[in-house]
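# Per-entry structural report
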Amino acid sequence: MSARTPEERIPSQWEEITAADPGHSMWYVERFRAMEAQGKDIVGEARLVDAMLGRGGRVLDAGCGLGRLGGYLHDAGHVVVGVDVDPVLISVAEEDHPGPTWLVGDLAELDLPARGVTADFEVIVCAGNVMTFLAPSTREAVLTGFAADLAPTGRVVVGFGADRGYEFSQFLADAQASGLTADLLFSTWDLRPFSEDSDFLVAVLSRAH
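What you see as residue numbers is a count from 1 along each chain, following the sequence as written. In keeping with the model being predicted, local features are shown solely for residues with a pLDDT of at least 70 and side-chain atom pairs are shown and tallied solely at 80 or more, while totals for entire chains, interfaces and linings include all residues. Note: side-chain values were computed over all heavy atoms of the structure, leaving out hydrogens and water.

## So, the side chain of H78
Within the element layout of this structure, H78 appears in the loop between α4 (68-75) and β2 (79-84). Throughout this description, a polar contact denotes any pair of N or O atoms lying within 3.5 Å of each other; where both atoms belong to protein, one of them has to be capable of donating a hydrogen while the other can accept it, and for residues adjacent in sequence the pair is counted only when both atoms sit in side chains. A polar contact is formed between the side chain of H78 and the backbone nitrogen of G57, at a distance of 3.2 Å. Two residues qualify as a contact provided that any one of their heavy atoms is within 4.5 Å of a heavy atom in the partner residue. In this structure H78 touches D50, L53, G54, R55, G56, G57, V59 and L73, once residues within four positions along its chain are discounted. Helical segments are the DSSP runs of H or I of at least four residues, strand segments are the runs of E of at least two, and each set is numbered from the N terminus.

## Describing the packing of helix α3 (residues 44-51) against α4
Where α3 meets α4, the axes come as close as 9 Å, and the angle between the chain directions of the two elements is 40°. By the angle between their axes, α3 is oblique relative to α4. Considering how the two elements wind past one another, α3 and α4 form a crossing that is right-handed. Taking contact as the criterion, the partners of E45, A46, R47, V49 and D50 in α3 are, on α4, R68, L69, Y72 and L73. A fitted line through C-alpha atoms serves as each axis, taken over the contacting stretch for helices, and the angle formed by two N-to-C directions is quoted from 0 to 180°. Here roughly perpendicular refers to angles of 65 to 115 degrees, roughly parallel to angles under 35, roughly antiparallel to angles over 145, and oblique to all remaining angles. Throughout, a crossing is termed right-handed when the near helix is turned clockwise from the far one, and left-handed when it is turned anticlockwise from it by less than a right angle.

## Things to note about empty space enclosed by the protein
Here a cavity denotes grid points, spaced 1 Å and computed from the protein atoms alone, that fit a 1.4 Å probe unable to get out, and a pocket denotes an open set having protein on both sides within 12 Å along at least 5 of 7 lines; residues with an atom within 4 Å of a point are the lining. Grid points are joined across faces, edges and corners, and a volume is the space filled by probe spheres set on the points. Enumeration over the complete set of coordinates arrives at 2 cavities of 30 Å³ or more. In terms of lining residues, the largest cavity is bounded by 22 residues, among which G63, C64, G65, D84 and V130 are the most central. Breaking the lining of the largest cavity down by element, the ones donating at least two residues are α1 (13-20), α4 and α6 (130-133). Among the residues making up the lining of the largest cavity, the classes are represented as 12 nonpolar, 5 polar and 5 charged. Put simply, the second largest cavity is a space of about 40 Å³. Considering the residues around the second largest cavity, the lining is formed by R9, I10, P11, S12, E15, D106, A108, L134, A135, T138 and V142. Think of it as three bins: nonpolar holds Ala, Val, Leu, Ile, Met, Phe, Trp, Tyr, Cys and Pro, charged holds Asp, Glu, Lys and Arg, and polar takes everything else, Gly as well. Within the lining of the second largest cavity, the residues separate by chemical class into 6 nonpolar, 2 polar and 3 charged.

## Section: the pairing of β2
Only protein chains enter the area calculation, which uses a 1.4 Å probe; residues under 20% of their type maximum are buried, those over 50% are exposed, and those in between are partly exposed. In terms of burial, β2 is a largely internal element, 5 of the 6 residues being buried. Note on handedness: a clockwise path from strand one over the helix to strand two, with the strands aimed away from the viewer, defines a right-handed crossover. Crossover handedness for the path strand β1 (residues 58-62) to α4 to β2: right-handed. By the convention used here, strands pair only if DSSP detects at least 2 bridges between them. Strand direction decides the pairing type here: β2 and strand β3 (residues 101-104), joined by 4 bridges, are parallel. Note that in β3 the partner of V83 across the bridge is L103.

## Remarks on the packing of α1 against helix α2 (residues 24-37)
Two elements in contact, α1 and α2, have axes whose closest approach is 8 Å; the angle formed by their N-to-C orientations is 105°. Classified by the interaxial angle, the pair formed by α1 and α2 is roughly perpendicular. Of the residues in α2, those touching α1 at W14, I17 and T18 are H24, S25 and Y28. Of the residues contributing to the contact of α1 with α2, the split by class is 3 nonpolar, 3 polar and no charged.

Here is the structure:
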């Protein structure tokens, strides 16, 4: 997809947060480092993705943050590309999880082939409420990009919480409009059933045929 000029590009809500609070990114990093040090499970999403792949699967970690999922998947034997709009988080990912390809980039304007990356991913994972940190006007463009970057039988796995400004029904409508079909819906990353009153959504999507 064609990139806008810097003046035209619509900043994500995450960028607006970090512009208002320059320390926010490192607060986020330290939060997860503290959770890990306390023995908490911070890679449950990655275990689900690992179960969906054979060894050596190609994974796009979309909105990869500090690399907690992409790092795990790389260590499990997969080929991982991680993209995040926050250069602070990408620098932490590079330091803490060497091995994957980490890129600073806007998911709404992502052109991986132009950056030397083949876009035929078996799984695209978008966890950590990333969809709710996008600029609302770019959500459909991001999902359209996911559909374009999938291998023919690839799947997109998206997870985010309720009451974050993006209704689940609207997300599913946007996904359909972007060329994706919802194959499975869960309420947790450990695959609890989804219902109308669920406060979290994990959606497994594939390219519409």
